[in-house]
Amino acid sequence: HVQLVESGGGSVQAGGSLRLSCEPSGLPFSTYCMGWFRQVPGKEREEVATIYSPDGTTSYADSVKGRFTFSQDNAKNTHYLRMISLEPEDTGIYYCAAGPSPCPIRYYEYYYWGQGTQVTVS
């Protein structure tokens, strides 16, 4: 019933750009925070960015600050992560997540997850 569908991943050269999309459906109204996480095999998922949906307030990991932008389009019920100046260190599977407020930074504090979209930067 609850679904989060990510799209927009791909392979780019260092310095390139990508825009990821997250399309949630069936979320309870009490779910106020959305997060983007990324994971490399053998490592725990790490927070990339969060957004507090009611007012659009965002927060970013230091490693992506100034390069990534988390936004939401309420009319389309879609969330976006625009990534510019991509670096090889940005490579990983990117996951969209939904959870409570205040927006958590730990992956295990989120309620719902998408299946991920691969981002590869060379």
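Everything below is about the structure shown above.
Think of each chain on its own: its residues are numbered from 1, step by step along the sequence as written. Confidence filtering applies because this is a predicted model: local features only for residues at pLDDT of at least 70, side-chain atom pairs given and counted only at 80 or more, and all residues used for totals across whole chains, interfaces and linings. Values reported for side chains reflect all heavy atoms of the structure, with hydrogen atoms and water molecules removed beforehand.

Draft legend 1. Spatial organisation of the overall build of the protein chain. What counts as a helix is a DSSP run of H or I of at least four residues, what counts as a strand is a run of E of at least two, and both are numbered from the N terminus. The number of helices and strands found in the protein chain is 0 helices and 11 strands. Tracing the protein chain from N to C terminus, the helices and strands come up as β-β-β-β-β-β-β-β-β-β-β. Relative to the compact-globule value of 14 Å for 122 residues, the protein chain shows a C-alpha radius of gyration of 13 Å, a close match. Between buried and exposed lies partly exposed: a residue is buried under 20% and exposed over 50% of the maximum accessible area for its type, with that area taken using a 1.4 Å probe on protein chains only. Considering the protein chain as a whole, with its 122 residues, one finds that 39% of them fall into the buried category. By definition in these notes, contact holds between two residues if any of their heavy atoms fall within 4.5 Å. Within the protein chain, counting contacts between residues at least 6 apart in sequence, those at least 24 apart form 57% of the total. For this measure, only C-alpha atoms enter the radius of gyration; the expected value for a globule follows 2.2 Å times N^0.38, where N is the number of residues.

Draft legend 2. Examining the environment of K65 more closely. Here K65 lies in the loop between β6 (57-60) and β7 (68-73). Separated by 27 residues in the primary sequence, K65 and G92 place their C-alpha atoms 17 Å from one another. Definition of a polar contact: a pair of N or O atoms within 3.5 Å, with one able to donate and the other able to accept a hydrogen when the atoms are protein atoms, and with sequence-neighbouring residues admitted only if both atoms are side-chain atoms. Side chain to side chain, K65 and D62 meet in a polar contact 3.2 Å long.

Draft legend 3. Just the state of the cysteines, in detail. The disulfide criterion is simple: two cysteine sulfur atoms within 2.5 Å. Following the criterion strictly, the structure yields 2 disulfides and no others. Two residues share a disulfide in this structure: C22 and C96, whose sulfurs sit 2.0 Å from each other. Across the S-S bond linking C22 and C96, the dihedral sits near -75°, which makes this disulfide left-handed. Of this pair, C22 sits in strand β3 (residues 18-25) while C96 sits in strand β9 (residues 92-99), placing them 74 residues apart in sequence.

Draft legend 4. Quick peek at the packing of aromatic side chains. To pair, rings of Phe, Tyr and Trp, with the six-membered ring standing in for Trp, must have centres within 6.5 Å; the planes then decide the type, stacked if under 30 degrees apart, edge-to-face if over 60, and tilted in the middle. Per the counting criterion, the structure on display carries 7 aromatic pairs. Among the aromatic side chains, those forming a connected cluster through ring pairs are F37, Y95, Y110 and W113. Put simply, a charge is over a ring when the Lys NZ or the Arg CZ is close to the ring centre, within 6 Å, and near the line of the ring normal, within 35 degrees. When the ring centre of Y95 is taken as origin, the NZ or CZ atom of R45, which lies over that ring, is 3.6 Å away.

Draft legend 5. Looking closely at the environment of L81. Inspection of the secondary structure assignment puts L81 in strand β8 (residues 78-83). In the structure, L81 is positioned 18 residues away from S63 in sequence and 15 Å away in space, judged by C-alpha atoms.

Draft legend 6. The environment of C103, seen in detail. By the element assignment, C103 lies in the loop between β9 and β10 (112-113). By relative accessible area, which is 24% here, C103 ends up partly exposed. Sequence-wise, C103 and T57 are 46 residues apart; in three dimensions their C-alpha atoms are separated by 10.0 Å. Contacts of C103, omitting those with residues within four sequence positions, involve C33, T50, I51, Y52 and Y110.

Draft legend 7. Summary view of the nonpolar core. To define a nonpolar core, start from buried Ala, Val, Leu, Ile, Met, Phe, Trp, Tyr and Cys residues and group those joined through side-chain atoms within 4.5 Å. In terms of nonpolar packing, the biggest core is built from 23 residues, with W36, F68, L81, M83 and Y94 touching the most fellow members. Counting only elements with at least two residues in this core, the list comes to β3, β4 (33-39), β5 (46-52), β7, β8, β9 and β11 (117-121). Those residues in contact with Y94, other than ones at most four positions away along the chain, are E6, L20, W36, F37, R38, V48, F68, L81, M83, G116, T117 and V119.

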